[in-house]
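Descriptive structure summary
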Amino acid sequence: MELQQLRYFSSVAKHRNFTRAAEECRVSQPALSIQIKKLENELGGPLFHRQGRTIVLTNVGKQLEGKAESLLRLHQSTLDEVKDALTSGGEAHFGATLTIAPYLIPYVVSHANQSDIPPFTMQENFTEGLLGSILDGSLDFALMSTPVEEPRLLLKVIAREPFVLVLPKGHSLASKRKVLSADVQKEPFLPLSQIHCAGRQINEFIQSADERPKAMFESAQIDTILKLVNSGQGVSLLPKMAVLGSLSEGLCYREISDAKIGRDISMVHHPDRYLSDAVRKLMTLLEACINDFVKER
């Protein structure tokens, strides 16, 4: 059994498609199929049921899938550790969700000492995409709202961020010392799409209200919601870092005083992943910056 065969098998198992697996592995489909067949011969049985265009893992294939992923991660982690020892640092590869990355990363770049920021590449994606990239080894870690249901990964909660009520400065609620959850129920509401984890968490709060506010317009784009609020179309609950990073002169925000509405922001990584000096340095920096950012007024 060779590592290359395991890579080919793992790719086919992930895509359930030989053509896409061959493209990902940068090899011809016949060459990939030959190696899969050699692996099946060595193991003594088929790894896939080939039902026309449908590819299904056999019981043997299902057993090998998790083992192959572990072996490939261990191999990559060993290489990373050796390279890190030789280069004394290296580059960090991390991801962040679409409701975190556009607001946090510019803050980090503008507020941190440049010498404290190690070389990095970043992926913006939805939670599900980031989890997949951590599992396939593309990312060292990712920043996302939690909880997440992925028992194979480790997470560390690094900050608690409130959702704040965004409204025009001339709005009647802007002059109140305390804004209550009941106040929100009376207003035309602009919800963040539930395609985002933050949107789902905000929706849970709205659905639990005695009187649900009337949803006027749902958007996956925070900037769109802020522009609509600014034009007097309603109010919205949004993650505080998004508001701090995008607040215009015509807008203000208030925290809901009688309800703890917010999200936990966590760093998520695979327990088998080797974390280089550069990765650990970046993780420490991001944790400090997130806490500074969400505490700003």
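Everything below is about the structure printed above this text.
Residues numbered from 1 in each chain as written. Predicted model: local features only at pLDDT ≥ 70, side-chain atom pairs only at ≥ 80, totals over all residues. Heavy atoms only, no water.

**Let's talk about the overall build of the chain**
Within the chain, the secondary structure is distributed over 11 helices and 9 strands. Overall, the C-alpha framework of the chain stretches about 75 × 50 × 30 Å when taken along its three principal axes. Within the chain, the proportion of its 297 residues that are buried is 46%. Within the chain, contacts between residues separated by at least 24 positions form 75% of all contacts whose residues are at least 6 apart in sequence. Carbon and sulfur atoms form 50% of the exposed surface of the chain, whose accessible area is close to 15400 Å². Across the chain, the centroid of the 34 positively charged side chains sits 3 Å from that of the 35 negatively charged ones. (Helix = DSSP H or I, 4+ residues; strand = E, 2+ residues; numbered from the N terminus. Buried < 20%, exposed > 50% of the residue type's maximum accessible area, 1.4 Å probe, protein only. Contact = heavy atoms within 4.5 Å. Areas by Shrake-Rupley, 256 points an atom, 1.4 Å probe, with all protein chains shown as cover. Lys, Arg positive; Asp, Glu negative; His and termini not counted. Charge placed at Lys NZ, Arg CZ, Asp CG, Glu CD.)

**A look at the pattern of salt bridges**
Evaluation of the coordinates by the stated rule reveals 11 salt bridges. Where arginine 50 meets glutamate 40, a salt bridge forms, and the shortest distance between an N and an O atom there is 3.6 Å. Of this pair, arginine 50 sits in strand S1 (residues 48-51) while glutamate 40 sits in helix H3 (residues 29-43), and the two are 10 residues apart along the sequence. When its relative accessible area of 45% is taken as the criterion, arginine 50 is described as partly exposed. Given a relative accessible area of 4%, glutamate 40 falls into the buried group. With a shortest N-O distance of 2.9 Å, arginine 152 and glutamate 150 are connected by a salt bridge. The exposure class of arginine 152 is partly exposed, given its relative accessible area of 42%. (Salt bridge = Lys/Arg side-chain N within 4 Å of Asp/Glu carboxyl O.)

**Observations concerning the side chain of serine 266**
Position of serine 266 among the secondary structure elements: in strand S9 (residues 262-269). Here threonine 146 takes part through its side chain, which lies 2.7 Å from a polar atom of the side chain of serine 266. Setting aside its immediate chain neighbours within four residues, serine 266 contacts Ala142, Leu143, Met144, Thr146, Leu155, Lys156, Val157 and Ile158. (Polar contact = N/O pair within 3.5 Å; in protein donor to acceptor, adjacent residues only side chain to side chain.)

**Considerations on empty space enclosed by the protein**
Going through the model one piece at a time under the given rule, you end up with 2 cavities of 30 Å³ or more. When its volume is computed, the largest cavity comes out at roughly 70 Å³. Surrounding the largest cavity, 13 residues form its lining, Thr97, Phe126, Thr127, His196 and Cys197 being those nearest its centre. When contributions to the lining of the largest cavity are tallied by element, the ones reaching two or more residues are helix H6 (127-135) and helix H8 (197-207). Per element, the largest residue contribution to the lining of the largest cavity is 3 residues, and it comes from H8. Residue classes in the lining of the largest cavity are distributed as 5 nonpolar, 6 polar and 2 charged. (1 Å grid on protein atoms, 1.4 Å probe; cavity = no way out; pocket = protein on both sides within 12 Å on 5 of 7 lines; lining within 4 Å. Points joined across faces, edges and corners; volume = space filled by probe spheres on them. Nonpolar A, V, L, I, M, F, W, Y, C, P; charged D, E, K, R; others polar.)

**Quick look at the nonpolar core**
Counting residues in each nonpolar core, the largest one holds 59 residues, and the members touching the most others are Leu104, Leu143, Leu165 and Leu286. In terms of residues, this core owes the most to one element, helix H11 (residues 277-295), which gives 9 residues. When residues no more than four places from it in sequence are discounted, the contact partners of leucine 165 are Leu173, Val179, Val184, Val235, Ser236, Leu237, Cys252, Tyr253, Arg254 and Ile256. (Core = buried A, V, L, I, M, F, W, Y, C linked by side-chain atoms within 4.5 Å.)

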